[in-house]
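# Observations on the three-dimensional arrangement
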Amino acid sequence: MAKSKITSSSTAEYFAKNLQQVGFSSPVKAVLTTLKEAVDNSLDACEEEGIPPELFVSIKKVGKGSQRNTDLIEIIIEDNGPGLDADMLPKVFGEYLASSKFGRGQCSRGQQGIGISAATTWAQLTNAAGVTVTSKTKRMRKAITGLIDVDIKGNKGVFRDKKSVDWEKDHGLRVEFRIDGRVQLNGDGGLLTYLEGTTLVNPHLSLRYQLLDNEEVKVDRVSDDIPKVPPPTLPHPHTMKLGEFITHAGLFGKMPLTNFLKKGFSRVTDNTIKELVSNGLQKKFLKESLNKFNEQDYKSVFQIIQKTPLSNPSTRSVLTVGEESLAKSIRRLGEVDFFSVVTRKPRICDFKPVVVEVALARFVNRGEADSPIQLLRFANRVPLQFDKGNCAITKAIESVNWRSYGLQQQRNSVPVGPYIFAVAVTSPFIKFKNASKETIDASEELVEEIRLACMRAGQKLSRHIKKEAKEADLERKLAHIESFGPILVEGLVELTKSSEARKKRAEEGLAKLLGRDSKAAEKDLKEADQKLAALKEKQKAKGIVLDEAAEKAPVEESGGAKKKSSTKKTASRKSATKAVKKTTKKAASKKTTTKKAAAKKTTKKAAAKKKATKKVAKKTTTKKAAKKKTTAKKAKKKR
C-alpha cells in the first residue's frame, strides 16, 4: 500500500478556505464584517495615540458581483489616526495573526490579527484585488498608496503599485475595499444598527457616513475625553486548560518555574508558591528550567495549581464608558422620553476581571408598544449583531422578570415596548463562542453579573413608570372633580331650590371633599420631585455634570430624563399624562352629556313627585280644617 502524502498549509490558506468562521458566511455579513474590522482598527489606533477619532464611511453599489445574487460593493473608511509606515501596511492588511495586540490581556477591540486580513482575502477572492490603502504619518511629507494582496500560500502581504501622493491630511489612513456582498441597512445585521451602536459606546467619536444613495449623515462627538486603555494584564492560572498552560510556558524559554509563575500570571507571589508546595508541588521543580519539563511534569504542576485557591486578578485592567458619557451619547439616537444608565463596579467572573454597563432608554418616535425592545449588545465597545440567542447578554435579559418593573414580557423572552436596551461587557479576556466574535460565552457567573446590572437599571425605570402612573391618576381625579362636581351640585340646587350663594358654597365643599385624594397625590408627586432634585444634586457632587440639553432632561441617578420644559410659565405634562388627560376629557365629555340628560330626567321626576306631594298635602290640610270647623260648630250648639 502506498504511503499517504501529508501536506501542510499556511494560516492564510486555512482561513481563505474557512472565511465563514471569521464573519464572511453570507454576502450581508461580508459587508458588515469588513466595515466593522476597519472601524475597529481606526478607533484603536486613534485611542492609542490620544487622537479624538474622526471617521468617514462610504458604502455604495458600483456594479454586479461575480457571484449570483450579489452586488459589487465599494467600502471606504477614512480616519485621522496616526497612520502606518509603508513596511507595516502589508503586515497589517495581508498577514494573518500579525497584531501588536495578539495575546495581550488588554481591553482593546481587535486582538486576534485576523479580521482585516480576512477582509482583504475576501476582496481578493471575489473581486480579484485586495485592498487599496493610503497612509500618512506625521513624519511623511507625502502619503503613500497602493494595493495590498494576501500571499495565501506564504501568509504574508504583498504591496503592489506603491507610490507617493499628495494628501491634505497631516496624518491618517484610508482603506478601500471592493467586494461581493449585499447591503442591509436596518435590523440586527444592518449597517445603521452597527453605526448607531458604535456611536453610542464611543461618545468621543465624530462620524460622517453615506450609505448607498442616501444623504450624508454627520454625528458629532459629545465628549472630548479619550478613553485611556489600561495597560495589559496577565492571565489567571485557573482560566487555562493544560494545553494552554504548556503553550504559555513555552513563551518563557529557559526561565525557572518559580519565575515563570510569578511573571507569567496575575497575582502569583512568594506566598502563593509556598501554598503550592504545601499542596504537593515538589520543591525540585521550583528552580528547574522550563525547557527541561516534560508533559507529565507540566501536568503535575498544573493539577496542583488548579486545586490551590489563588487570589483573584486585579480589576484595574478594565475600561468603562462611564454613566455620564453614556447619558450624553444615548441622546444621539433620537428624542428620549426616559433613560436609565448603570455602570457596575468591576467584578471577577470566571477568574477574569469584567465590568458591565447597561443603558435603558424609551424613545418618543421609535419602536412600537407591542414590539420587542431593540437589544444592542457590546463586547469591548464593539457591537455584536448575530447569534443573539446564545449570547450571555440575551440570556441575562430574558432571565429578569421585567413585569415587576412595569414592562410587558412573555416568559423567557425579552420585554416589549419602544425601548432600546444597550448592554456592554468589557474585559481583557472576553470569551467568545467563535472566531468571528459574534456572541459572548454564557457562563453562569457572567450571566448573573449582567442580570444584576439590568435589575438595577430596571429599578430606576420602575420608579419613573410609577411616577407617571401617579400623574395620570391625579389627572383622572382632577378631571372627575372638574367635570362631574358642578353637574351634581347643579342637580341638588335645582331639587332643593337653593340660592346662588348656597350653590357656590356647595361647589366649594364638594371640591374640597372630593379633592382629598388628589391633594394626597399632589403631595406624593411633590415628594418625588424633591427626591429627584436631591439625587441630581448628589450626582453633581460626584462630578457628573451634564450639558445644557441634559440639564433640561435631568437624570434619575444618572437615569430618568424629563421632557424639555415649555416656554410658558407652567411646565408641560408628560406625554403619557397628556394622553391620559385627553382620553379622560373625551370620556368625561361623553359622560357629562349622559349625566346632564339623566339629571334633567331626574329633576323632572322629582318636580312631578314634589308637585303631587304638595297636592296631597294641600288636600289633607283642607280636610283637616273642614273637620275642625264642623267640630267647633257642634260644640257651640251644645252650649
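Residues numbered from 1 in each chain as written. Predicted model: local features only at pLDDT ≥ 70, side-chain atom pairs only at ≥ 80, totals over all residues. Heavy atoms only, no water.

All right, on to a negative patch on the surface then. A contiguous patch of negative charge on the surface is contributed by Glu 490, Glu 494, Glu 500, Glu 507 and Glu 508. The set of elements that each furnish at least two residues to the negative patch consists of helix 13 (444–496) and helix 14 (500–514). With 3 residues, helix 14 is the single largest residue contributor to the negative patch. Relative to the elements of secondary structure, Glu 490 occurs in helix 13. Residue class for Glu 490 comes out partly exposed when judged on its relative accessible area of 46%. (Patch = residues over 30% accessible without salt bridge, like charges linked within 9 Å, V, L, I, M, F, W, Y side chains within 5 Å. Areas by Shrake-Rupley, 256 points an atom, 1.4 Å probe, with all protein chains shown as cover. Salt bridge = Lys/Arg side-chain N within 4 Å of Asp/Glu carboxyl O. Lys, Arg positive; Asp, Glu negative; His and termini not counted. Charge placed at Lys NZ, Arg CZ, Asp CG, Glu CD. Helix = DSSP H or I, 4+ residues; strand = E, 2+ residues; numbered from the N terminus. Buried < 20%, exposed > 50% of the residue type's maximum accessible area, 1.4 Å probe, protein only.)

In this section: the confidence of the model for the protein. Per-residue pLDDT for the protein has a mean of 78; in total, 74% of the residues score no lower than 70. For residues 544–588, every residue scores under 50 in pLDDT, and the model assigns this stretch 85 contacts once sequence neighbours within four places are set aside. (pLDDT = per-residue confidence, 0-100. Contact = heavy atoms within 4.5 Å.)

Before going further, it helps to spend a moment on the packing of aromatic side chains. All chains considered together, the criterion is met by 12 aromatic pairs. Ring geometry for Phe 252 versus Phe 260: centroids 5.2 Å apart, planes at 65 degrees, classification edge-to-face. Site record: aromatic cluster; members linked through ring pairs are Phe 245, Phe 252, Phe 260, Phe 265, Phe 285, Phe 293, Tyr 298 and Phe 302. Here Lys 29 stacks its cationic end above the ring of Phe 386, 4.7 Å away from the centre of that ring. (Phe/Tyr/Trp six-rings, centres within 6.5 Å; stacked < 30°, edge-to-face > 60°. Lys NZ or Arg CZ within 6 Å of the ring centre and 35° of its normal.)

Mapped onto the fold, Thr 134 is located in strand 3 (residues 131–136). Classification of Thr 134 by relative accessible area gives buried; the value is 12%. At 3.1 Å, the side chain of Thr 134 and the side chain of Thr 145 are in polar contact. Beyond its immediate chain neighbours, meaning those up to four positions away, Thr 134 contacts Ala 143, Ile 144, Thr 145, Val 165, Trp 167, Gly 172, Leu 173 and Arg 174. (Polar contact = N/O pair within 3.5 Å; in protein donor to acceptor, adjacent residues only side chain to side chain.)

The subject of this paragraph is helix 2 (residues 27–48). Across its 22 residues, helix 2 extends 32 Å between first and last C-alpha, which sits within 8% of the 32 Å expected from 1.5 Å per residue. Burial analysis of helix 2 places 18 of its 22 residues in the buried class, which makes it a mostly covered element. Gly 50, located one to two residues past helix 2, shows a positive phi value of around 70 degrees. (Expected span 1.5 Å × (residues − 1).)

On to unusual backbone geometry, then. The backbone phi angle of Leu 212 is positive, close to 55 degrees, even though this residue is not glycine. The phi dihedral of Asn 412 falls on the positive side, at around 55 degrees, and the residue is not glycine. Mapped onto the elements of the fold, Asn 412 is located in the loop between helix 12 (392–399) and strand 14 (419–426).

Moving on, we get to the packing of helix 2 against helix 5 (residues 191–201). Two quantities define a packed helix pair, namely the angle between the axes and the distance from one axis to the other. It is at 10 Å that the axes of helix 2 and helix 5 come closest, and there the two elements cross at 20 degrees. The angle between helix 2 and helix 5 places the two elements in the roughly parallel class. Crossing geometry of helix 2 relative to helix 5 is assigned as right-handed. Here Val 31, Leu 32, Leu 35, Lys 36, Val 39, Asp 40 and Leu 43 of helix 2 come into contact with helix 5, specifically with Leu 191, Tyr 194, Leu 195 and Thr 198. (Axes fitted to C-alpha atoms, helices over the stretch in contact; angles between N-to-C directions. Parallel < 35°, antiparallel > 145°, perpendicular 65-115°, else oblique. Left-handed = near helix turned anticlockwise from the far one by under 90°.)

So, about the packing of helix 2 against helix 4 (residues 115–127). Interaxial distance between helix 2 and helix 4 falls to 9 Å at its minimum, and their mutual angle equals 135 degrees. With respect to their mutual orientation, helix 2 and helix 4 come out oblique. The two elements helix 2 and helix 4 meet at a crossing, and its hand is left-handed. On the side of helix 2, the interface is formed by Ala 30, Thr 34, Glu 37, Ala 38 and Asn 41, while helix 4 contributes Gly 115, Ile 116, Ala 119 and Trp 122. Along the lines of polarity and charge, the residues of the contact of helix 2 with helix 4 split into 5 nonpolar, 3 polar and 1 charged. (Nonpolar A, V, L, I, M, F, W, Y, C, P; charged D, E, K, R; others polar.)

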